[in-house]
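Examining the three-dimensional arrangement
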Amino acid sequence: MTDSGIDTAPVRLAPGDRAPDFTLPDANGTPVSLADHRGRRVIVYCYPAALTPGCTTQAVDFTAAAGELAEAGLDIIGISPDPPEKLLRFREKEGLGISLVSDPDKEVLRAYGAFGPKKLYGKEVIGVIRSTFIVDAEGRIEQASYNVKATGHVAKLRRELGLG
């Protein structure tokens with residue numbers, strides 16, 4: 001925050017940067033750590049809110065691709081500011097099979113550059129910037145994508161990974 005109380009532009013991660021480590025509770029309240037995934041690549045995606053149309057589309061698409069991504073050595077972790085109880089309702093309502101974790105203080109979202117000023121319906125607001133990161137097996141950023149579109153994003157990612 002600046003002295004005026006307005007969030008400044010977030011720092012953006014780039015390939016080669018160390019991925020910020022985190023341990024956050026999942027929908028069941030169980031801690032999930034990025035470090036637990038060392039040795040495998042991880043798709044970390046940041047989304048604004050569970051149970052909203054765009055975020056549902058993205059989570060359902062990731063769930064549909066999860067088996068193929070796992071076979072290719074990629075785990076998936078979705079991060080939002082939603083509390084675990086809401087993530088549980090989201091997972092159950094939509095039949096999601098991916099790991100969703102809660103970052104209510106937005107510390108991890110900020111560390112990934114995924115929280116700050118963004119355009120929403122033509123207005124600048126402060127919020128979660130829909131973003132996707134591929135973290136390599138050693139914990140470094142392999143790819144960082146900001147302001148991604150919810151619809152079609154997983155298919156685009158699969159193509160970029162040579163899977164689709």
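Refer to the structure above for everything that follows.
Residues numbered from 1 in each chain as written. Predicted model: local features only at pLDDT ≥ 70, side-chain atom pairs only at ≥ 80, totals over all residues. Heavy atoms only, no water.

**Quick word on the nonpolar core**
- Counting residues in each nonpolar core, the largest one holds 22 residues, and the members touching the most others are Phe22, Val44, Ile79, Tyr112 and Phe133.
- Of all elements in the fold, only β3 (41-46), β4 (74-80), α3 (107-111), β8 (131-135) and β9 (141-146) reach the threshold of two or more residues within this core.
- Top contributing element to this core by residue count: β3, with three residues.
- Residues in contact with Ile79, not counting those within four places in the same chain, are Phe22, Leu24, Val44, Tyr45, Cys46, Tyr47, Val101, Asp103, Val108 and Leu109.
- One finds Cys55, Ala65, Leu100 and Leu157 within the second-largest nonpolar core, a separate group that totals 21 residues. (Core = buried A, V, L, I, M, F, W, Y, C linked by side-chain atoms within 4.5 Å. Buried < 20%, exposed > 50% of the residue type's maximum accessible area, 1.4 Å probe, protein only. Helix = DSSP H or I, 4+ residues; strand = E, 2+ residues; numbered from the N terminus. Contact = heavy atoms within 4.5 Å.)

**Topic: the layout of surface pockets**
- Considering only enclosed or pocket space, the largest pocket measures out at about 350 Å³ in volume.
- For the largest pocket, the lining is made up of 14 residues, of which Lys118, Lys119, Arg130, Asn147 and Val148 are closest to its centre.
- No other element matches the four residues that strand β6 (residues 115-120) contributes to the lining of the largest pocket.
- Looking at side-chain class alone, the lining of the largest pocket contains eight nonpolar, one polar and five charged residues. (1 Å grid on protein atoms, 1.4 Å probe; cavity = no way out; pocket = protein on both sides within 12 Å on 5 of 7 lines; lining within 4 Å. Points joined across faces, edges and corners; volume = space filled by probe spheres on them. Nonpolar A, V, L, I, M, F, W, Y, C, P; charged D, E, K, R; others polar.)

Any functional reading would require information that these geometric values do not contain.
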